[in-house]
Amino acid sequence: MGEIITFYSYKGGTGRTMALANVGWILASAGKKVLLVDWDLEAPGLHRYLHPFLLDKELVASRGIIDVVMDFSIQAMTPSSGGEGSDWYKKYADVLRCALSLNWSEFGDGRLDLLPAGQQTATYATRVNSFSWDNFYERLGGGTFLEAVKASMKEEYDYVLVDSRTGVSDTSGICTVQLPDKVVICFTLNRQSIQGAAAVAESIVQARAKESKLPRLQIFPVPTRVERAEHVRLEAARIAAQDLFSNFLGDWDDSRRKEYWRDVEVFYQPYYAYEEVPATFGEERAEIGSMLYSMERLTADLTGVSGG
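Residues numbered from 1 in each chain as written. Predicted model: local features only at pLDDT ≥ 70, side-chain atom pairs only at ≥ 80, totals over all residues. Heavy atoms only, no water.

The buried count for strand S5 (residues 159-164) comes to six of six residues, which makes it a mostly enclosed element. Side chains Tyr159, Leu161 and Asp163 project from S5 onto one buried face, and the interleaved Val160, Val162 and Ser164 project onto a second face that is buried too. The sheet contact formed by strand S1 (residues 3-9) and S5 spans five bridges and is parallel. Bridge pairing in S5 places Ile4 opposite Val160. In this sheet, S5 lies alongside strand S2 (residues 33-39) in parallel orientation, the contact comprising six bridges. The residue bridging Trp39 from the neighbouring strand is Ser164, located in S5. (Buried < 20%, exposed > 50% of the residue type's maximum accessible area, 1.4 Å probe, protein only. Helix = DSSP H or I, 4+ residues; strand = E, 2+ residues; numbered from the N terminus. Pairing = 2+ DSSP bridges.)

This paragraph deals with the packing of helix H9 (residues 254-264) against helix H11 (residues 291-303). Running from amino to carboxyl end, H9 crosses H11 at an angle of 140°, the nearest separation of the two axes being 8 Å. Side by side, H9 and H11 meet where Arg256, Glu259, Tyr260, Asp263 and Val264 of the first sit next to Tyr293, Ser294, Arg297, Leu298 and Asp301 of the second. A per-class count over the contact of H9 with H11 returns four nonpolar, one polar and five charged. (Axes fitted to C-alpha atoms, helices over the stretch in contact; angles between N-to-C directions. Contact = heavy atoms within 4.5 Å. Nonpolar A, V, L, I, M, F, W, Y, C, P; charged D, E, K, R; others polar.)

Relative to the helices and strands, Arg238 resides in helix H8 (residues 231-244). With relative accessibility at 17%, the residue Arg238 sits in the buried group. Excluding anything up to four places from it in sequence, Arg238 contacts Leu189, Glu265 and Phe267.

Next up on the list: H8. The end-to-end C-alpha distance of H8 is 20 Å, a good match for the 20 Å that 14 residues give at a rise of 1.5 Å each. Looking at H8, one finds that the buried residues are Leu234, Ala237, Arg238 and Ala241. Angular distribution of buried residues about the axis of H8 spans 105°; they occupy a single face of the element. Projecting away from the buried face of H8 at angles above 90 degrees are the exposed residues Val232, Ile239 and Asp243. Looking at the buried positions of H8, the neighbouring elements they touch are strand S6 (182-187), helix H7 (191-209) and H9. (Expected span 1.5 Å × (residues − 1). Arc of directions from axis to C-beta.)

Take a look at the structure:
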């Protein structure tokens, strides 16, 4: 049975999607079956990191999350023909119907697939904005359907990495509370981002605790776009972040915590601000402080899988 890991950020511009794409690539290169899910329905962009390896590069013919939930909703509102049993919804939860495999032969035994946000046609925005998540949950049994989607993903893949919408919304709640086994929270080292991310982390833990059927959730805080200048302010911000997130690192001892915070920081590198490029292609080797090094360390902390 696979594992679902959600990548979340309280504010935009943290490099959340980039981190997810890199972790996915590293896992697939290590021989794992990986599904990347673009659940940022309002601003989908995960496919940009995979652009050269997709046959349908602009996703004009490829269906995704919004299409999956709409197909289910339409059927749920349609009077039964009498030929379907009580588990009729499970065939609509099969994510393989919409998963796109990357055209890259060097993963070996690994596999990297993409489940897009939805078919990128002229009606995409209308479909997303008109969809009622309240109706989906309260009247159509959407919670049960998403549990079936969750089971489908975990059965087929070793790791499912979910790109969640920024901020607080219905869909970010799905991604951070109902679906995942772990949550990566990306934030920059300024007061608003640190405090907002820590507050959301606490709300995620509390919301998850109310779901008696779901196991405890582990949070992985990840400082991103870290600037090396202004050393005094940088150290102060680091201390503030580590203090606010101290309760979310489980039972790790002080030595393990120090190692985690030291290795997981993602330093700002202008090269990656101009183009969506996985670090595997942007860097020849994982030198300390490089993007590739940080992504390999994050992958190891999340999954126990070493890159390189």
